[in-house]
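# Commentary on secondary and tertiary structure
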Amino acid sequence: MGRPRERHEAGEQDLFRARLDQILNMNHELVRLARTIDWPVLEARFGEVYCDGPGMPPLPTRLMAGLAILKHTFNLSDEVLCARWIENPYFQYLCGEEFFRHELPFDRSSMTRWRQRMGEERIMVLLQESLSIAVKTGAMKPQDTRRVIVDTTVEPKNVMFPTDAKLIHRARERLVRLARKAGLDLRQSYVRVGKLALIMHQRYAHAKQFRRANKSLRKLRTYLGRTVRDISRQIAGDAALDAIFKWPLYQASTVLEQRQRQRGRKIYSLHAHEVECIGKGKAHAPYEFGVKVSVATTLKRSKGGQFALHAMALPGNPYDGHTLEKIIPAMEDTIGAEIERILADAGYRGHNAPQSHKFRVFTAGQKRRVTPAIKRQMRRRSAVEPVIGHIKNEHRMGRNYLAHTQGDAINAILAAAGYNFSLLLRWLKAFLWLLIAAFLNRPKQLAA
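Owing to the predicted nature of the structure, the values given are computational and were not obtained by experimental measurement.

## Regarding the environment of Met56
Its place among the elements puts Met56 in the loop between α3 (39-46) and α4 (61-73). Along the primary structure Met56 and Gln209 are separated by 153 residues, whereas in three dimensions their C-alpha atoms are 62 Å apart.

Below you can see the structure in the form of structure tokens.
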């Protein structure tokens, strides 16, 4: 695959079509943002994954990066973004189009493949670019990034709430479906009685008749166990069938053996086995199923708003304090400056920050080395909570639809970048009105 053919302002004219810069409001915030983004830097960084070779060249970097920015800034799915892109000339201008297009120059799956090709490390460039634009436009000062607030949250995965009965029933259904596709003749599929047992389990559990519910659950376990043993006997000695059924049988056996309150790794979703059960102590959601994410923001609220400085997925549900060894160097690489002070909640006690930053971390309830100035700053620690709320509710981190562990990491970064770009759009719009007001209110010179 060769390198993408990047689009640059050519200034072409067409007798039958009007250029976008001739029909758009050039003071619109999306137009101003498109002119502020350093597209050559993005093209150079994202272009590192390509090499010169035969084949059709990929889609332009500005098009794909612009789509990623629009998707998470305006909280749009891939399908809705495709529909909006066709209708909105400002979206097309941001993506580098010079003339209005009536058809998509890309496919919906092109965004999925582009995200997977870029990976977590290069997607971080969009977050860095949002912070660079904030400094460039005056929305944030460089010294604002020296003191930060760090906290963790949960990025829920797009899975149903797991219960033993539903997982067991779904594992048996998948095995039966795969067996029929492979041409195996099962002794019994348990389609009808399995569905009835699941329905009765849910009814008994809802009525709090747990003895009867557990009896239905044992039936479901029996049906799954019989199906697993039947398939295992039929595929014994066949290497091709063994390769097909190896992972589904492993998942079914794990679901069959796992018990409540057991320690260690458990399966909570068959199609997203990376999902973890995380308890954050919330009254309305005691347990959430997804991945833990670290979010950092500035201590001082900048002129343009409370910007997100860093976001990173933390698979494995680590202790909050044991994430700083990895988070702090990554955060300094993102902002391009050394951090002077880090404020965190009590969950970061006993942290493993690097030796150079060991005495720069202050946690809630700490007494030693806490001066009156630091004590006043600790009152601002909760400023990270609304940032997390906006990122989750308005920029697609409240429910992650991207697959696998890589999808968890990419979605967290893009959500933080989309939040920053939304603040920048608001800042560019307000800044334009300030310039207009200053121009209208300037003193008029009297004629001589």
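## Description of helix α14 (residues 384-394)
Listed as buried for α14 are Val384, Val387, Ile388, Ile391 and Lys392. All buried residues of α14 lie within an arc of 125 degrees about the axis, which places them on one face of the element. Directly beyond the C-terminal end of α14, a positive phi value near 75 degrees is found at Arg396.

## Describing the nonpolar core
Residues Ile37, Leu67, Trp114, Leu126 and Ile391 are the most contacted members of the largest nonpolar core, which totals 95 residues. The biggest single contributor to this core is helix α15 (residues 404-440), with 15 residues. In contact with Ile37, other than residues within four places in its own chain, are Leu42, Ile69, Leu94, Glu129, Ile133 and Phe421. If you look at the next biggest cluster of nonpolar residues, it comprises 26 residues, including Ala165, Leu167, Ala179 and Phe245.

## Brief notes about the packing of helix α5 (residues 78-87) against helix α7 (residues 108-136)
At a closest axis distance of 9 Å, the pairing of α5 and α7 adopts a crossing angle of 120 degrees. In terms of their interaxial angle, α5 and α7 are classed as oblique. Where α5 crosses over α7, the handedness of that crossing is right-handed. Residues Asp78, Glu79, Leu81 and Cys82 of α5 touch α7, and the partners they reach there are Arg108, Met111, Thr112 and Arg115. In terms of residue class, the contact of α5 with α7 is made up of three nonpolar, one polar and four charged.

## Comments concerning the pattern of salt bridges
One pass over the structure, following the stated rule, counts 18 salt bridges. Here Arg147 makes a salt bridge to Glu340, at a shortest N to O gap of 3.9 Å. On the criterion of sequence distance, the pair formed by Arg147 in strand β1 (residues 147-156) and Glu340 in the loop between α12 (324-335) and β5 (341-344) is long-range, its members being 193 residues apart. Overall, Arg147 belongs to the partly exposed group, its relative accessible area being 31%.

## Re the pairing of strand β4 (residues 308-314)
Within β4, seven of the seven residues are buried, which leaves it mostly tucked inside the rest of the structure. As paired strands, strand β3 (residues 288-298) and β4 are joined by six bridges and run antiparallel to one another. Residue Ala296 lies in a different strand from β4, and its bridge partner there is His310.

Rules of the game
- Residues numbered from 1 in each chain as written.
- Predicted model: local features only at pLDDT ≥ 70, side-chain atom pairs only at ≥ 80, totals over all residues.
- Heavy atoms only, no water.
- Helix = DSSP H or I, 4+ residues; strand = E, 2+ residues; numbered from the N terminus.
- Buried < 20%, exposed > 50% of the residue type's maximum accessible area, 1.4 Å probe, protein only.
- Arc of directions from axis to C-beta.
- Core = buried A, V, L, I, M, F, W, Y, C linked by side-chain atoms within 4.5 Å.
- Contact = heavy atoms within 4.5 Å.
- Axes fitted to C-alpha atoms, helices over the stretch in contact; angles between N-to-C directions.
- Parallel < 35°, antiparallel > 145°, perpendicular 65-115°, else oblique.
- Left-handed = near helix turned anticlockwise from the far one by under 90°.
- Nonpolar A, V, L, I, M, F, W, Y, C, P; charged D, E, K, R; others polar.
- Salt bridge = Lys/Arg side-chain N within 4 Å of Asp/Glu carboxyl O.
- Pairing = 2+ DSSP bridges.

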